[in-house]
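Observations on the model geometry
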Amino acid sequence: MNLLPSSFKALVIGSSGTIGSAFLDLLKSNPSCSDVVGVHRHSEFPIDYQNFESIELCANALVDTAPFQLIINTIGVLHTTNFMPEKRLDDLNSEQLMELMKINTIGPALSIRHFAKLLDPQSSIMVSLSAKVGSIEDNRLGGWYSYRSSKAALNMLIKTASIEWARTKPNTALIAMHPGTVNSRLSKPFRGEQIGRPANDAVADMFQVIKSLKKEDSGSFISYSGERLPW
């Protein structure tokens, strides 16, 4: 039985980003979605992974609007104006590694912790965007040390939390999802406009997968195409 009910309420974390805003638009136009809330750094109840305290404050501010049957976290970073993904081991540095761990791992993990209370215990799904390059088994090219490591660590946290939720939230699926290459600021330096897809197409594909999720899928690492990815 699919977990997402025929009428559902959704929350998008990181709704000002390319993928987050596309998800917000898709859900607003979906007749099955009775309401959708978006939060980001400058929303009414801000969430900022440079300030971990904001995660709990944002979740607490939304308690009265719960429960949500779908929560999607789209926050992540690959590069900034200060650094690009490492090509060699000699490029590895503590500042970059800590920054990506903060945004791609610690922030999403704390979001799972604090936003869990907003999920509908009867039937709900929480999706955190990960990345295929975070797969240890699939790593054949090397490089991108900080980004790969931060996503691999996120995958482990999601898998571990899903095992606990099987006992405490048996009707909730916790999923790591790979969106593919999307035309965005994140992918632009890496020929994203040539090899990627429009965000609207990417979120439409991901939502098709989300709609088909069952509670037995909790703890899975899934691609936008529905492919099961190796950890």
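Remember, it's a predicted structure, so these values are computed and weren't measured experimentally. (Residues numbered from 1 in each chain as written. Predicted model: local features only at pLDDT ≥ 70, side-chain atom pairs only at ≥ 80, totals over all residues. Heavy atoms only, no water.)

Side note on the overall build of the chain
For the chain, the count of helices and strands is 6 helices and 6 strands. Secondary structure elements of the chain occur, N-terminal to C-terminal, as β-α-β-α-β-α-β-α-β-α-α-β. Taken over C-alpha atoms, the radius of gyration comes to 17 Å for the chain, in line with the 17 Å a tight globule of 231 residues would show. For the chain, buried positions account for 50% of its 231 residues. (Helix = DSSP H or I, 4+ residues; strand = E, 2+ residues; numbered from the N terminus. Rg over C-alpha atoms; globule rule 2.2 N^0.38 Å. Buried < 20%, exposed > 50% of the residue type's maximum accessible area, 1.4 Å probe, protein only.)

Some thoughts on the sheet that holds strand E5 (residues 172-178)
Pairing between the strands of a sheet is mediated by backbone hydrogen bonds and can be parallel or antiparallel. In space, the 6 strands of this open sheet follow the order E2-E1-E3-E4-E5-E6, with parallel pairing throughout. Either end of the sheet is taken by a strand with one partner, and the two such strands are strand E2 (33-39) and strand E6 (221-223). Taken over all neighbouring pairs, the strand axes of this sheet differ in orientation by 20° on average, direction set aside. Summarising the sheet, E5 and E6 pair through 3 bridges and their orientation is parallel. Counterpart to Met177 in the pairing with E6 is Ile222. (Pairing = 2+ DSSP bridges. Axes fitted to C-alpha atoms, helices over the stretch in contact; angles between N-to-C directions.)

A short note on the nonpolar core
Counting 34 residues, the largest nonpolar core has Leu11, Ile13, Ile71 and Phe115 as its most contacted members. For this core, the elements supplying multiple residues, two or more each, are strand E1 (8-13), E2, helix H2 (53-61), helix H3 (94-115), helix H4 (145-168) and E5. Ranked by residues supplied to this core, first place goes to H4 with 5 residues. Core analysis: the second largest hydrophobic core is formed by 31 residues, Ala22, Leu27, Leu129 and Leu213 among them. (Core = buried A, V, L, I, M, F, W, Y, C linked by side-chain atoms within 4.5 Å.)

Let's talk about helix H1 (residues 18-28)
At 3.6 residues per turn, the α-helix brings residues three or four places apart onto the same side. Looking only at H1, the buried set comprises Ile19, Gly20, Ala22, Phe23, Leu24, Leu26 and Leu27. For H1, the elements touching its buried residues are E1, E2, strand E3 (70-73), strand E4 (124-129) and helix H6 (199-211). (Contact = heavy atoms within 4.5 Å.)

Quick notes on the packing of H1 against H6
Across the interface, H1 lies against H6 with an axial gap of 9 Å and an inter-helix angle of 65°. Handedness of the crossing formed by H1 with H6: right-handed. Contacts from Thr18, Ile19, Ala22, Phe23, Leu26 and Leu27 in H1 reach Ala199, Asn200, Val203, Ala204, Met206, Phe207 and Ile210 in H6. Residues that form the contact of H1 with H6 fall into these classes: 11 nonpolar, 2 polar and no charged. (Left-handed = near helix turned anticlockwise from the far one by under 90°. Nonpolar A, V, L, I, M, F, W, Y, C, P; charged D, E, K, R; others polar.)

Quick notes on the pattern of salt bridges
Within this structure, the stated rule accounts for 4 salt bridges. The salt bridge partner of Arg88 is Asp91, with a shortest N-O separation of 3.3 Å. With a relative accessible area of 49%, Arg88 lands in the partly exposed category. For Arg197, the salt bridge identified is with Asp205, shortest N-O distance 2.5 Å. Overall, the relative accessible area of 18% leaves Arg197 in the buried class. (Salt bridge = Lys/Arg side-chain N within 4 Å of Asp/Glu carboxyl O.)

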